[in-house]
Amino acid sequence: MGKKLPKDFIFGGATAAYQAEGATHVDGKGHVAWDKYLEDNYWYRAEPASDFYHKYPVDLALAEKFGINGIRISIAWSRIFPNGYGKVNEKGVEFYHRLFESCREHSVEPFVTLHHFDTPEALHSNGDFLNRENIQHFVDYAAYCFEEFPEVRYWTTFNEIGPIGDGQYLVGKFPPGIQYDLKKVFQSHHNMMLAHARAVKLYKDKGYKGEIGVVHALPTKYPFDPSDPADVKACELEDIIHNKFILDATYLGHYSKETMAGVQEILAANGGELDLRDEDFVDLEAAKDLNDFLGINYYMSDWMKACEGETEIIHNGTGEKGSSKYQIKGVGRREAPIDIPKTDWDWIIYPKGLYDQIMRVKRDYPNYKKIYITENGLGYKDEFVDQTVYDDARIDYVKKHLEVISDAIADGANVKGYFIWSLMDVFSWSNGYEKRYGLFYVDFKTQERYPKKSAYWYKKVAKSQLID
Ligand code: BGP
């Protein structure tokens, strides 16, 4: 007999505007930095994506049919404000009203993210969130949406502040493609957390009826050799970069002594100084207890080894197993125990990491209120046969992660739902259309959808709450 999940548990599917909608230049949408960046650096484009802009009724009907009662959707900021602020584009506003209405018709609750990697080009080229002016532009955009879309009951300010800093300024796989600049990484984290805090405060001050939170990617970090203090240190510093700095800002309203000591150590090795102002902490502090939920995106864990040497990061964007490399000066390098499975993109599959991360939030940030697992899933080179995909590896992956969620709930964590990444296939930011995650296979040429084996399995679990 399999493990159980609670009766009121949300079984959702996740999407993001830029990866799903296509229609990048339709109905007045403004440019985003990714438009040009993909052209210059990658072999694929954001067209047609999954043509969700036109196909959403099909996807929502499928969701309903397969027992999915929640969907993560993001609003493309540049559909509402083509230049990031100023004049509103009514056609964009109407599109999202229609989309949310269709969600209701299909009994699929929309969990709506304001920013999923797609800052309007006009603001991105002006420094994105490194430029403090853009914090206010984001808050104004959020305020507009809160007022305009009362039909939305669950708001998320940002998707993955951590990977934005990483992708844009450390790995350099996201626009503007800057590498190894740790100062910019932390500054981007900090400024985005400020934008989050101000938007949350505003939402609560205005007395809106819904809930608001933030989605963080929280890859769990372990020392390669737990008995070696140097590996333990490497793990702690890596954890600060990706998890602790952002969690502290969210739930403590400041950075703990250990967090700041780690940041200083990393910056001492890599150069740069942060711009952290007293008034910033007033805003962070004011929001720390107002988050109704935390969204956790969890795909992988990492093991860390101490090492000497310069920073060198190689991103595996093609699914050629073993081609990635990650080491940061003054921090350490990633090296996993040999027996731990990895995807073709070198993502380490370790369900227990999700359990550990949930319990860490519960232990270290007891004011978290509740958690949704807002993304989890398996990127795979799916084989389309018999009008479907026999994706047993994906079923196995999701099953094991649902099981540890059930364990965490049994151990006192308040986890209220799970959103598989992704509802239907979408393209991957830095890996293209070849890396698929969906419950529904998308033929990107015809835009037809085909339920995969995993969709039928997920339906059974959602109906019975039994993970079998
Ligand atoms: C998260 C993003 C998603 C999605 C997912 C899978 O970081 O929030 O938008 O892309 O990861 O990642 P990838 O597409 O790199 O495989």
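Residues numbered from 1 in each chain as written. Predicted model: local features only at pLDDT ≥ 70, side-chain atom pairs only at ≥ 80, totals over all residues. Heavy atoms only, no water.

### Topic: the site of the ligand
Formally: One heavy atom within 4 Å of a molecule or strand is enough for the residue carrying it to be called near that molecule or strand. Distance and chemistry together define a polar contact, namely a pair of N or O atoms within 3.5 Å, with one atom able to donate a hydrogen and the other to accept it when in protein, and with adjacent residues in sequence counting only for side-chain atoms on both sides. For the accessible areas, the method is Shrake-Rupley and the probe is 1.4 Å, while residue cover comes only from the protein chains on display.
Around the ligand, the surrounding shell holds 13 residues, and the nearest of these are Gln19, Glu160, Ser428, Lys435 and Tyr437. Between the ligand and Asn159, the relevant distance is 2.9 Å, taken from an oxygen atom to a side-chain nitrogen or oxygen of the residue. Against a free-state accessible area of 380 Å², the protein chains account for coverage of 93% of the ligand.

### Here's the deal with the packing of aromatic side chains
Stated precisely, the cut-off is as follows: Paired rings are identified among Phe, Tyr and Trp, the last through its six-membered ring, by centres lying within 6.5 Å, and are further divided according to the angle between planes into stacked (under 30 degrees), edge-to-face (over 60) and tilted (the rest). Labels follow the DSSP assignment, with helices taken as runs of H or I lasting at least four residues and strands as runs of E lasting at least two, numbered in each case from the N terminus. Burial classes: relative accessible area under 20% of the type maximum marks a residue as buried, over 50% as exposed, and values in between as partly exposed (1.4 Å probe, protein chains only). Only when the NZ of Lys or the CZ of Arg is both within 6 Å of the ring centre and within 35 degrees of the ring normal is a charge said to sit over the ring.
In total, this model carries 57 aromatic pairs according to the counting rule given. A centroid spacing of 6.0 Å and a plane angle of 85 degrees characterise the contact between Trp34 and Tyr37, whose relative ring orientation is edge-to-face. You can see Trp34 and its partner Tyr37 sitting in helix H2 (residues 33-41), 3 residues apart, about one turn around the helix. For Trp34, a relative accessible area of 2% gives the class buried. Ring plane angle 15 degrees and centroid distance 4.2 Å describe the contact between Phe111 and Tyr154, whose orientation is recorded as stacked. With Phe111 in strand E4 (residues 109-115) and Tyr154 in strand E5 (residues 154-159), this pair connects stretches of sequence that are 43 residues apart. Tyr154 matches Phe111 in its accessibility class, with the two residues each being buried. Cluster of aromatic residues (ring-pair linked, three or more members): Tyr18, Trp34, Tyr37, Tyr42, Trp43, Tyr44, Phe117, Phe174, Phe427, Trp429, Tyr433 and Phe444. Note that Lys305 overlies the ring of Phe224, its terminal NZ or CZ placed 4.3 Å from the centroid. Lying over the aromatic face of Trp347, Lys435 brings its terminal NZ or CZ to 3.6 Å of the ring centre.

### What to know about the nonpolar core
The following threshold applies: Residues enter a nonpolar core if they are buried and are Ala, Val, Leu, Ile, Met, Phe, Trp, Tyr or Cys, with the set joined through side-chain atoms within 4.5 Å. Working rule for contacts: check all heavy atoms of both residues, and any pair within 4.5 Å makes them a contact.
Core analysis: the largest hydrophobic core is formed by 147 residues, its most contacted members being Trp155 and Ile358. Here this core takes 11 residues from helix H9 (residues 182-205), the largest share from any one element. Excluding anything up to four places from it in sequence, Ile358 contacts Ile296, Ile371, Ile373, Ile405, Ala408, Ala413 and Val415. With 5 residues, the next largest nonpolar core counts Tyr222, Trp303, Ile340 and Ile348 among its residues.

### Overview of the pattern of salt bridges
So the rule is basically this: Salt-bridge detection follows one rule: a side-chain nitrogen of Lys or Arg within 4 Å of a carboxyl oxygen of Asp or Glu.
The tally for this structure, following the rule as stated, stands at 41 salt bridges. For Arg436, the salt bridge is made with Asp425, and the minimal N-O distance between the two is 2.6 Å. A residue pair is termed long-range when its members are at least 10 positions apart, and Arg436 in the loop between strand E14 (415-421) and strand E15 (440-443) and Asp425 in the loop between E14 and E15 qualify at 11 residues. Asp425 shares its class with Arg436; the two are buried. Counted as one network, the salt bridges with shared partners bring together Asp382, Asp391, Arg394, Asp425, Arg436 and Lys452.

### What to know about the sheet that holds strand E8 (residues 293-297)
Our working rule: Two strands pair if DSSP finds at least two bridges between them. Helix axes are fitted to C-alpha atoms over the stretch in contact, other axes to C-alpha atoms as well, and angles between N-to-C directions run from 0 to 180 degrees.
Strand order in the closed barrel formed by 8 strands is E2-E3-E4-E5-E6-E8-E13-E14, with parallel pairing between adjacent strands. When strand polarity is set aside, the average angle formed by the axes of neighbouring strands in this sheet is 25 degrees. Taken together, the 3 bridges between strand E13 (residues 371-375) and E14 define a ladder with parallel strand orientation. Residue pairing across strands places Ile371 opposite Val415, the latter belonging to E14. With respect to the sheet, helix H10 (residues 229-251) is in contact with strand E6 (211-217) and E8, its orientation differing from that of E6 by roughly 165 degrees. Sitting on the sheet, helix H14 (residues 392-410) is in contact with E13 and E14, with an inclination near 170 degrees to E14.

### Side note on the sheet that holds strand E9 (residues 301-305)
A sheet is described by the order of its strands in space; here 5 strands give the open sequence E7-E9-E12-E11-E10, paired in mixed fashion. With partners counted over all chains shown, the strands left at the sheet margins are strand E7 (220-223) and strand E10 (312-314), one partner each. Between one strand axis and the next, the sheet turns through 30 degrees on average, direction left out of account. Sheet analysis places E7 next to E9, joined by 4 bridges and oriented parallel. Bridge pairing links Thr220 to Ser301 in E9. Across the sheet, H10 is in contact with E7, E9, strand E11 (325-328) and strand E12 (332-334); its angle to E7 comes to roughly 170 degrees.

### What to know about the pairing of strand E3 (residues 70-74)
In terms of burial, E3 is a largely internal element, 5 of the 5 residues being buried. Of the two faces of E3, the one lined by Gly70, Arg72 and Ser74 and the one lined by Ile71 and Ile73 are each fully buried. Bridge count between strand E2 (residues 10-14) and E3: 3 bridges; the pairing is parallel. Counterpart to Ala14 in the pairing with E3 is Arg72.

### Topic: the side chain of Gln465
The topology assignment puts Gln465 in the loop between helix H15 (453-464) and strand E17 (466-467). A relative accessible area of 9% places Gln465 in the buried class. Beyond its immediate stretch of four places on either side in the chain, Gln465 contacts Lys3, Lys4, Leu5, Pro6, Lys7 and Phe11.

### Some words on the environment of Thr388
For Thr388, the position within the fold is in the loop between E13 and H14. Spatially, the C-alpha atom of Thr388 lies 5.2 Å from that of Lys452, the residues being 64 residues apart in sequence. Setting aside its immediate chain neighbours within four residues, Thr388 contacts Glu383, Pro451, Lys452 and Lys453.

### Structural notes on the state of the cysteines
What counts here: When two cysteine sulfur atoms are found within 2.5 Å, that pair is recorded as a disulfide.
Scanning all chains against the criterion turns up 0 disulfides. Of all cysteine sulfurs, the one in Cys103 lies closest to Cys145, which takes part in no disulfide; the gap is 15 Å. Cysteine Cys235 is unpaired, with the sulfur of Cys307 as its nearest cysteine sulfur at 14 Å. Classification of Cys235 as buried rests on a relative accessible area of 10%.

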